[in-house]
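For reference, the chains in residue letters:
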Amino acid sequence: SQQGEEDPQALSIQEGENATMNCSYKTSINNLQWYRQNSGRGLVHLILIRSNEREKHSGRLRVTLDTSKKSSSLLITASRAADTASYFCATDAGRRALTFGSGTRLQVQP
Amino acid sequence: DARVTQTPRHKVTEMGQEVTMRCQPILGHNTVFWYRQTMMQGLELLAYFRNRAPLDDSGMPKDRFSAEMPDATLATLKIQPSEPRDSAVYFCASGPTSLAETQYFGPGTRLLVL
């Protein structure tokens, strides 16, 4: 079963708007990561947030982690057409390798 | 600019044929992962290695799939015999240390089994 589940499955916004994606997971984690996948490409690591962190920033990305709710959100501010991609959360539950969710497909309309 | 490389990038084969996919992890990375991605199943972890030793291959169909690391610069994933349901994109990823830190993905091998 999937450890991380993203929500929504698909999101379409206009350039300049903010995009928010959510990830829920089931078990306690050591860290949570977000990856981006452009069509036909491999996944690219965006950001890692550890279980003792609540918020992290990287450029136009803002990630929050609420361990009490077992959820995380990825916010992309001032979106661009180039942000069009699928976004995956991945969790480290400490037992084995990362577990990836099913992804959110983001479409940014120019 | 260190990258994970995979060959071939595309493979079309007929059912029953052997398929070998190769991956060169980033030099110095100790962990190597094989994933399969399809529209229906999403991203599935097939197997992973640490310091060339297989740690977990429970995600692989054992009867037809095999994964090896002959040396630190080469990981292979073989399917014999291949079946149409094996059609997918196969990704290799490598990581510097532990299993749960950042993974660096290759561009993938797009496999079509007719």
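Here, every reference points to the structure presented above.
In this text the structure is predicted, and so the values were computed from the model without any measurement. All residue numbers refer to positions counted from 1 along the written sequence of the respective chain. Both sets of labels track the order of writing: A upward for chains, 1 upward for ligands. Note on the predicted model: pLDDT of at least 70 is required for a residue's local features to be given, and 80 or more for side-chain atom pairs to be given and counted; whole-chain, interface and lining totals, by contrast, use all residues. Derived side-chain values reflect all non-hydrogen atoms in the structure, with water molecules and hydrogen atoms excluded from consideration.

K.L.:
What is the right way to look at the overall build of chain A in this model?
P.N.:
Numbering goes from the N terminus for both helices and strands, where a helix is a DSSP run of H or I of at least four residues and a strand is a run of E of at least two. Within chain A one finds zero helices and eleven strands. Each helix (α) and strand (β) of chain A, taken in turn from the N terminus, gives the series β-β-β-β-β-β-β-β-β-β-β. Taking 13 Å as the expected radius of gyration for a compact globule of 110 residues, we find that chain A reaches 13 Å, a close match to that expectation. Counting the 110 residues in chain A, one finds 44% classified as buried. When we talk radius of gyration, it's over C-alpha atoms, and the globule rule is simply 2.2 Å times the number of residues to the 0.38. Each residue is placed in one exposure class: buried if its accessible area under a 1.4 Å probe, protein chains only, is under 20% of its type's maximum, exposed if it is over 50%, and partly exposed if it falls in between.

K.L.:
What should I look at first to understand a nonpolar patch on the surface in this one?
P.N.:
For patch detection, residues must exceed 30% relative accessible area and be free of salt bridges, and they are connected within 9 Å for like charges or within 5 Å for nonpolar side chains (Val, Leu, Ile, Met, Phe, Trp, Tyr). Using the Shrake-Rupley algorithm and a 1.4 Å probe, accessible areas are obtained, with residue cover drawn only from the displayed protein chains. The working definition used for a salt bridge is a side-chain nitrogen of Lys or Arg within 4 Å of a carboxyl oxygen of Asp or Glu. On the surface, Val 12, Leu 112 and Leu 114 of chain B cluster together to form a nonpolar patch covering roughly 290 Å² of accessible area. With respect to the element layout, Val 12 of chain B can be found in strand E2 (residues 10-13).

K.L.:
It is not clear to me how the packing of aromatic side chains should be interpreted in this structure. Could you clarify?
P.N.:
Any two of the Phe, Tyr and Trp rings considered here, Trp counted by its six-membered ring, make a pair once their centres fall within 6.5 Å; the pair's planes then place it as stacked at under 30 degrees, edge-to-face at over 60, or tilted in between. Counted by the stated rule, this structure contains eight aromatic pairs over all chains. With 6.3 Å between their ring centres and 75 degrees between their planes, Phe 91 of chain B and Phe 105 of chain B make a pair best called edge-to-face. In this pair, Phe 91 of chain B sits in strand E9 (residues 88-95) while Phe 105 of chain B sits in strand E10 (residues 104-105), placing the two residues 14 residues apart along the sequence. Judged by its relative accessible area of 11%, Phe 105 of chain B falls in the buried class. In this structure an aromatic cluster arises from ring pairing among Tyr 35 and Phe 100 of chain A together with Phe 33, Tyr 35, Tyr 48, Phe 91 and Phe 105 of chain B.

K.L.:
Quick question: what am I supposed to make of the pattern of salt bridges here?
P.N.:
Residues and elements named next belong to chain B. Throughout the structure, instances matching the rule amount to eight salt bridges over all chains. We note a salt bridge from Glu 44 to Arg 36, for which the minimum N-O separation is 3.2 Å. A relative accessible area of 12% places Arg 36 in the buried class. Each of the salt bridges in this network shares a partner with another, and the network as a whole consists of Arg 64, Glu 83, Arg 85 and Asp 86.

K.L.:
Honestly, the interface of chain A and chain B in this entry has me stumped. Any pointers?
P.N.:
It is common to give the size of an interface as the accessible area lost on bringing the parts into contact. Note on contacts: a residue pair is in contact if any heavy atoms of the two residues lie within 4.5 Å. With 18 residues of chain A at the contact, the number on the chain B side is 20 residues. Buried area counts how much accessible surface, traced with a 1.4 Å probe, disappears from two parts once they are put together, with both parts' losses summed. Roughly 1,400 Å² is buried in total at the junction of chain A and chain B, and carbon and sulfur atoms are behind 51% of that figure. The interface formed by chain A and chain B contains zero salt bridges. In the analysis that follows, any N or O atom pair within 3.5 Å is treated as a polar contact, provided that within protein one partner can donate a hydrogen and the other can accept it, and provided that, for residues neighboring in sequence, both atoms belong to side chains. At the boundary of chain A with chain B, the tally comes to three residue pairs in polar contact (both at pLDDT 80 or more). A per-class count over the side of chain A that touches chain B returns seven nonpolar, seven polar and four charged. Classification used: nonpolar for Ala, Val, Leu, Ile, Met, Phe, Trp, Tyr, Cys and Pro, charged for Asp, Glu, Lys and Arg, polar for all others including Gly.

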